[in-house]
Amino acid sequence: MFCVPSTEIGAIMNITKGGLVLFSANSNSSCMELSKRIAERLGVEMGKVQVYQEPNRETRVQIQESVRGKDVFIIQTVSKDVNTTIMELLIMVYACKTSCAKSIIGVIPYFPYSKQCKMRKRGSIVSKLLASMMCKAGLTHLITMDLHQKEIQGFFNIPVDNLRASPFLLQYIQEEIPDYRNAVIVAKSPASAKRAQSFAERLRLGIAVIHGEAQDAESDMVDGRHSPPTAKYVAAIHPSLEIPMLIPKEKPPITVVGDVGGRIAIIVDDIIDDVDSFLAAAETLKERGAYKIFVMATHGLLSSDAPRLIEESAIDEVVVTNTIPHEIQKLQCPKIKTVDISMILSEAIRRIHNGESMSYLFRNIGVDD
C-alpha cells in the first residue's frame, strides 16, 4: 500500500521554488480547493493568473507574473461545464508557451472525455482529439490519475504519468470500515473484475462478480463494426459470397458469482457518474444477503440526480477521491465521503520539478491495478 515515510514527508518541502510556478486554470472557485491543498503541501504560493468568461462566453486568461524559463504546473479539475474547463486549460497552456516557459506540465486528475476512447459506429475517438489539442497547445508532460483505459496514454506524444488512487481507497477500507475482514470485493460487471481482483488480493479478501446486468453504453453491441450484416446486404456485395453470420449476443439473467451472504459488499470501479448500474448492483447484492454495501471509485462525477438516488438507495456509503469537486453533492447526500489524494499529486510535482525518479510513486503497484 502507498504510504509516504517520514523522510519523504519532509522532502515534500525540499523543492527548488525559484523555478516552479503553480497555476490553477479554473475560473470556478469551487474547483480550486485541490490546487490550494497541493500548493500548501509543496510550501509554495499559487501563481498569479486571471481566468474568466467574457460576456459572450469566450474564455480569457491573463498571466500576471513571469514564467520565462520556469517549470509551469497547471492544475485543472473538471467542473460540470467540462467544455469550458478544457478551453481554460488549452488557452492557459498556450499562454505559457508563448511566454517562453521552460516546460508546461498539466496536472489533470480526471481526464475528461476518457470514456470516449473507442470507436463507436460512426462516432469518433474524442480522447485522441483532446490529447492532440493539448500537445499542440504546448503541453510537455501530463500527470493524471486512473485513466478509464490505460491505452489513452498512447494518444499523447509527450510523457504521461498515470497515478493510482487505489492505495488511498485501500487505506480507507482498512481504517474506516469496521470488520472489513468480513467483506467481499465486488465487480458490478465482468469488465471491472480485474480492478476488483487487485483490491481483493491486497486486502486478502474474497471476490464476487455480478454477471448478466443490462447492456451498458460501452458494450460491443453498440459498436457498428460488430453488427452482423443482414442477408440482403451480403447478397448485394457479391451473389456468391457467403459470410458466416454472427450470433447476436444475449446476456443471461443476473447472477452473482461468489458468496456475499452475511458479508459487507464493497463495489469498486474507476468512475461513478450515472448511478443506475450501481443501484441495480446494490439491490442484487441485498437480495443475495449482503448486509452492508459500499461503493469505492476514484472519480465521483455524480451527475444529474445521482446524490438523491444514492440517498434513497440500498447503498450505505459512496467513497470517492477529490479529483473532482463535489461539495454540493455531499450536502445533498451525507452518504458521499471524500478521500484526499493531494499528497501523491504534490509528490509527483516535486519529483518532476527536481528531476527525480517517479518509480517511488508506483512502488508495490502492479501494472494492472
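In what follows, the accompanying structure is described. Since the model is a prediction, treat every value here as computed from it, not as a measurement.

How each quantity is defined
Residues numbered from 1 in each chain as written. Predicted model: local features only at pLDDT ≥ 70, side-chain atom pairs only at ≥ 80, totals over all residues. Heavy atoms only, no water. Axes fitted to C-alpha atoms, helices over the stretch in contact; angles between N-to-C directions. Helix = DSSP H or I, 4+ residues; strand = E, 2+ residues; numbered from the N terminus. Parallel < 35°, antiparallel > 145°, perpendicular 65-115°, else oblique. Left-handed = near helix turned anticlockwise from the far one by under 90°. Contact = heavy atoms within 4.5 Å. Core = buried A, V, L, I, M, F, W, Y, C linked by side-chain atoms within 4.5 Å. Buried < 20%, exposed > 50% of the residue type's maximum accessible area, 1.4 Å probe, protein only. Domains from an automatic or database assignment. Phe/Tyr/Trp six-rings, centres within 6.5 Å; stacked < 30°, edge-to-face > 60°. Lys NZ or Arg CZ within 6 Å of the ring centre and 35° of its normal. Pairing = 2+ DSSP bridges. Right-handed = clockwise from strand over helix to strand, strands pointing away.

Moving on, we get to the packing of helix H5 (residues 166-176) against helix H6 (residues 193-203). Interaxial distance between H5 and H6 falls to 11 Å at its minimum, and their mutual angle equals 50°. Between H5 and H6, the angle is such that the two are oblique. Remark: the crossing between H5 and H6 carries right-handed chirality. Taking contact as the criterion, the partners of Ser166, Leu169, Leu170, Ile173 and Gln174 in H5 are, on H6, Phe199, Arg202 and Leu203.

With that settled, the discussion passes to the nonpolar core. Membership of the largest hydrophobic core comes to 48 residues, with the highest contact counts inside it found for Leu22, Ile143, Leu163, Ile185, Ile266, Leu345 and Ile349. Each of domain 1 (18-162) and domain 2 (164-212 + 253-338) accounts for three or more of the residues forming this core. For Leu163, the residues in contact, after removing those within four places along its chain, are Ile143, Thr144, Met145, Asp146, Ile344, Leu345, Ala348, Met358, Leu361 and Phe362. Core analysis: the second largest hydrophobic core is formed by 33 residues, Val49, Leu89, Leu130 and Cys135 among them.

The description of an aromatic ring pair uses the distance of the two centres, along with the angle that the planes make with each other. Taken as a whole and assessed by the stated rule, the structure comprises 1 aromatic pair. The interplanar angle of 70° and the centroid separation of 5.6 Å between the aromatic rings of Phe111 and Phe156 together place this pair among those described as edge-to-face. Here the residue Phe111 occupies a position in the loop between strand E5 (103-108) and helix H4 (126-137), and Phe156 occupies one in the loop between strand E6 (141-145) and strand E7 (160-163), the gap between them amounting to 45 residues. Of the two residues, Phe111 and Phe156, both sit in the buried class. In this arrangement the basic side chain of Lys188 is found over the ring face of Phe278, its NZ or CZ atom lying 4.9 Å from the centre.

Let us look at the sheet that holds strand E13 (residues 317-321). Judged by pairing direction, the sheet is mixed, and its 7 strands sit side by side in the order E10-E9-E8-E11-E12-E13-E14 without closing on themselves. The sheet terminates laterally at strand E10 (255-257) and strand E14 (336-339), the two strands that pair on one side only. Each strand axis lies, on average, 25° off the axis of its neighbour in the sheet, ignoring direction. Direction of pairing for E13 relative to E14: parallel, over a ladder of 4 bridges. Opposite Val319, over in E14, you have Lys337 as the bridge partner.

Glancing now at the sheet that holds E6. Strand order across the open sheet formed by 5 strands is E1-E4-E5-E6-E7, with parallel pairing between neighbours. Lying at the two open borders of the sheet, with one neighbouring strand each, are strand E1 (20-24) and E7. Strand after strand, the sheet turns through a mean of 15° between neighbouring axes, direction not considered. Looking at chain direction, strand E4 (residues 71-75) and E5 are connected through 5 bridges and run parallel. Within E5, the residue paired with Ile75 across the bridge is Val107. Contacting E1, E4, E5, E6 and E7, helix H11 (residues 342-353) crosses the sheet at an angle of about 160° to E6.

Quick look at the pairing of strand E12 (residues 292-300) now. With 8 of 9 residues buried, E12 lies mostly within the body of the structure. Examined bridge by bridge, strand E11 (residues 264-272) and E12 share 8 bridges and lie parallel to one another. From the neighbouring strand, Ile272 faces E12, where its bridge partner is Gly300. As a crossover connection, the stretch from E11 through helix H8 (residues 276-287) into E12 is right-handed. Read as a crossover between parallel neighbours, the route from E12 over helix H9 (residues 306-311) to E13 is right-handed.

Further remarks concern the environment of Val126. Within the fold, Val126 resides in helix H4. With relative accessibility at 14%, the residue Val126 sits in the buried group. Along the chain, Val126 and Pro112 lie 14 residues apart, while their C-alpha atoms are 9.5 Å from each other. For Val126, the contacting residues outside a window of four places in its chain are Tyr113 and Gln116.

Moving on: the side chain of His353. Relative to the assigned elements, His353 resides in helix H11. For His353, a relative accessible area of 12% translates into the label buried.

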